[in-house]
Amino acid sequence: MLQTLTSRTYPSIRFFNSTAVIKSSSLTLKEALENVIPQKRNTVKELKSTYGGTVVGPITISSVLGGMRGNQSMFWQGTSLDPEHGIRFQDLTIEQCQKRLPNTGVDGDNFLPESMLWLLMTGSVPTFEQTGSLRRELAIRGRKLPHYTEKVLLSLPKDMHPMTQLAIGLASMNKGSIFAKNYQKGLIGKNDFWKDTLEDSLNLIASLPLLTGRIYSNITNEGHPLGEYSEHVDWCTNICSLLGMTNGRSSSNTCNLNSQQSLDFINLMRLYTGIHVDHEGGNVSAHTTHLVGSALSDPYLSYSSGIMGLAGPLHGLAAQEVVRFLIEMNSNISSTEQEEEIKNYLWKVLNSNRVIPGYGHAVLRKPDPRFTAMLEFAQKRPTEFKDDENVLLMQKLSEIAPKVLLEHGKSKNPFPNVDSASGILFYHYGIRELLFFTVIFGCSRAIGPLTQLVWDRILGLPIERPKSLNFEGLQALTNNDN
Ligand SMILES: CC(=O)SCCNC(=O)CCNC(=O)[C@H](O)C(C)(C)COP(=O)(O)OP(=O)(O)OC[C@H]1O[C@@H](n2cnc3c(N)ncnc32)[C@H](O)[C@@H]1OP(=O)(O)O
Ligand SMILES: O=C([O-])CC(=O)C(=O)O
């Protein structure tokens, strides 16, 4: 299906052909990227000169008034979304990523998000050594937050929404943007914009464990650290330690996780942040990052804007809403086995014109494979989850809610999306601040849109500026139709 879509759009040219998804040698990330740039720049040049006039598809009044649904009008390389089969990362499914992308080699049953970053950026599966070197590079880049960012975050009210704190923290880092500084001084030419964008993007991604830890300690521990940062561990282990959620010397282990739970929590973080990185270009957080970046705003400002979009309840904030919803429903039903009670509860929500969070999707028309991957995480650990009423309800709901939504007849997709499983698993291990879940989403989502931002600059994509239409403009079109 995906092949058909790709070949229909570009009849004779493929941007990354599938043979490119092979193990690359021992190059660094920047070198591997430099290697593929000339070919991709040529491809884009040829597409524009030879096929520039090829029609991609119609734009209807429904799509102008309907959130641009179905418009194929953005270039996005790292991931693509098939309505029936879900997300592919450079043409690899989640399952294929699980098999082919390197993990730590010691304690991981999940690939490292660092290897996903490499895959998205270069189009190639990294070697074990390349993943290790990128892991070390990020750990070193991320060892310290700028002092002004620390100061800004410490000064924020502790009850400010964690997503607002994240957006502020990221925006404040624009003060240290290498791209912004060199652009302002006129030190870089258009062809090289990508190099400083890559530097800033890697620094931003690397800073997320400390930023996230700082925000979590702000909201739960009066700003006092809950764990220590280490240059010797992977990105996710640092996130977990700084949340105080590992069983080791570097963490306060506030939830008293035993060593198996601690390892499971780290692997949950690797799974979650590995598969939430991107969902092609049209979703709100990715699209916003791309749009703001198209004005040559630096990666900090661009992704801070993306975070503000992710903070909407119809997008990433649904992760928080789902957990609230499950907990509330559990306190209103007598047991997760009572299907009728659950149905009645759902109908009450629908009849009061509210949405069922964690269900539906703008593009997907089948259960989200990311939801399935999260669910499988719990199913592989039956002893750990067997008594968790919220996890049981999450599972049960995935069978009942689609039937109710189908009967309701509005939602084009009655199935669970990724948000319906993720938060409640983090909640199980002890992350109880519901407002915080979307911050973890924000750590992951940096990887896809910032990769695309680097490619936007490599390919010299212009400022985005679609044409808008007013009532009179639309009216004129309907007159033309008659
Ligand atoms: C990471 C992510 O962003 S995944 C998405 C996370 N968001 C959620 O889970 C929130 C709940 N879901 C929704 O609100 C929607 O399904 C969205 C925002 C994800 C997609 O929106 P759309 O593309 O507009 O969905 P769709 O075309 O199916 O909507 C048609 C109608 O069904 C309704 N609908 C869609 N999903 C749901 C739902 N879960 N519960 C109730 N009604 C729904 C819409 O509100 C709309 O109603 P309207 O005609 O009265 O305006
Ligand atoms: O694709 C979308 O519109 C929403 C989504 O699932 C995501 O961004 O992960």
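Rules of the game
- Residues numbered from 1 in each chain as written.
- Chains lettered and ligands numbered in written order.
- Predicted model: local features only at pLDDT ≥ 70, side-chain atom pairs only at ≥ 80, totals over all residues.
- Heavy atoms only, no water.
- Helix = DSSP H or I, 4+ residues; strand = E, 2+ residues; numbered from the N terminus.
- Rg over C-alpha atoms; globule rule 2.2 N^0.38 Å.
- Buried < 20%, exposed > 50% of the residue type's maximum accessible area, 1.4 Å probe, protein only.
- Contact = heavy atoms within 4.5 Å.
- Areas by Shrake-Rupley, 256 points an atom, 1.4 Å probe, with all protein chains shown as cover.
- Lys, Arg positive; Asp, Glu negative; His and termini not counted.
- Charge placed at Lys NZ, Arg CZ, Asp CG, Glu CD.
- Axes fitted to C-alpha atoms, helices over the stretch in contact; angles between N-to-C directions.
- Parallel < 35°, antiparallel > 145°, perpendicular 65-115°, else oblique.
- Left-handed = near helix turned anticlockwise from the far one by under 90°.
- Nonpolar A, V, L, I, M, F, W, Y, C, P; charged D, E, K, R; others polar.
- Near = heavy atom within 4 Å.
- Polar contact = N/O pair within 3.5 Å; in protein donor to acceptor, adjacent residues only side chain to side chain.
- Domains from an automatic or database assignment.
- Buried area = accessible area lost by both parts, 1.4 Å probe.
- Salt bridge = Lys/Arg side-chain N within 4 Å of Asp/Glu carboxyl O.

**Brief notes about the overall build of the protein chain**
Across its full length, the protein chain carries 23 helices and two strands. Relative to the 2.2 N^0.38 estimate, which gives 23 Å for 482 residues, the radius of gyration of the protein chain is 23 Å and therefore close to what a compact globule would have. Its C-alpha atoms give the protein chain principal-axis dimensions of roughly 65 × 60 × 45 Å. Within the protein chain, the proportion of its 482 residues that are buried is 52%. By sequence separation, contacts in the protein chain at least 24 residues apart represent 76% of the contacts at least 6 residues apart. Split by element, the accessible area of the protein chain, about 21800 Å² in all, is 53% carbon and sulfur. Computed over 46 positive and 46 negative side-chain charges, the inter-centroid distance for the protein chain is 5 Å.

**Some points on the packing of helix 11 (residues 235–242) against helix 12 (residues 259–275)**
At a minimum axis separation of 9 Å, helix 11 and helix 12 run at an interaxial angle of 120°. One element, helix 11, and the other, helix 12, form an angle in the oblique class. Considering the relative orientation of helix 11 and helix 12, their crossing is right-handed. In contact with Trp 235, Cys 236, Thr 237, Ile 239 and Cys 240 of helix 11, helix 12 contributes Phe 265, Ile 266, Met 269, Arg 270 and Thr 273. Partitioned by chemical class, the residues of the contact of helix 11 with helix 12 number seven nonpolar, two polar and one charged.

**Concerning the packing of helix 19 (residues 389–408) against helix 20 (residues 419–429)**
At a closest axis distance of 9 Å, the pairing of helix 19 and helix 20 adopts a crossing angle of 170°. When the interaxial angle is binned, helix 19 and helix 20 end up roughly antiparallel. Two secondary-structure elements touch here, helix 19 through Asn 390, Val 391 and Met 394 and helix 20 through Ser 420, Ala 421, Ile 424, Leu 425 and Tyr 427. For the contact of helix 19 with helix 20, the per-class residue count stands at six nonpolar, two polar and no charged.

**Thoughts on the site of ligand 2**
Neighbouring ligand 2 are the residues His 279, Asn 283, His 315, His 361, Arg 370 and Arg 445. One of the side-chain nitrogen or oxygen atoms of His 279 is found 2.8 Å away from an oxygen atom of ligand 2. Residue Arg 445 places a side-chain N or O atom 2.7 Å away from an oxygen atom belonging to ligand 2. Considered on its own, ligand 2 offers 270 Å² of accessible surface; in the complex 85% of this is hidden by protein. A class-by-class count of the residues in the shell around ligand 2 yields no nonpolar, four polar and two charged.

**Section: the domain arrangement of the protein chain**
Where interface size is given, it is often the accessible area lost as the parts come together that is meant. Domain boundaries in the protein chain define domain 1 (138–314 + 435–458) and domain 2 (318–432). Taking the mean C-alpha position of each, domain 1 and domain 2 sit 27 Å from one another. Facing the 26 residues of domain 1 at the interface are 25 residues of domain 2. When domain 1 packs against domain 2, the two sides together hide about 2200 Å² of surface, and 72% of this comes from carbon and sulfur. Put simply, domain 1 and domain 2 have one salt bridge between them.

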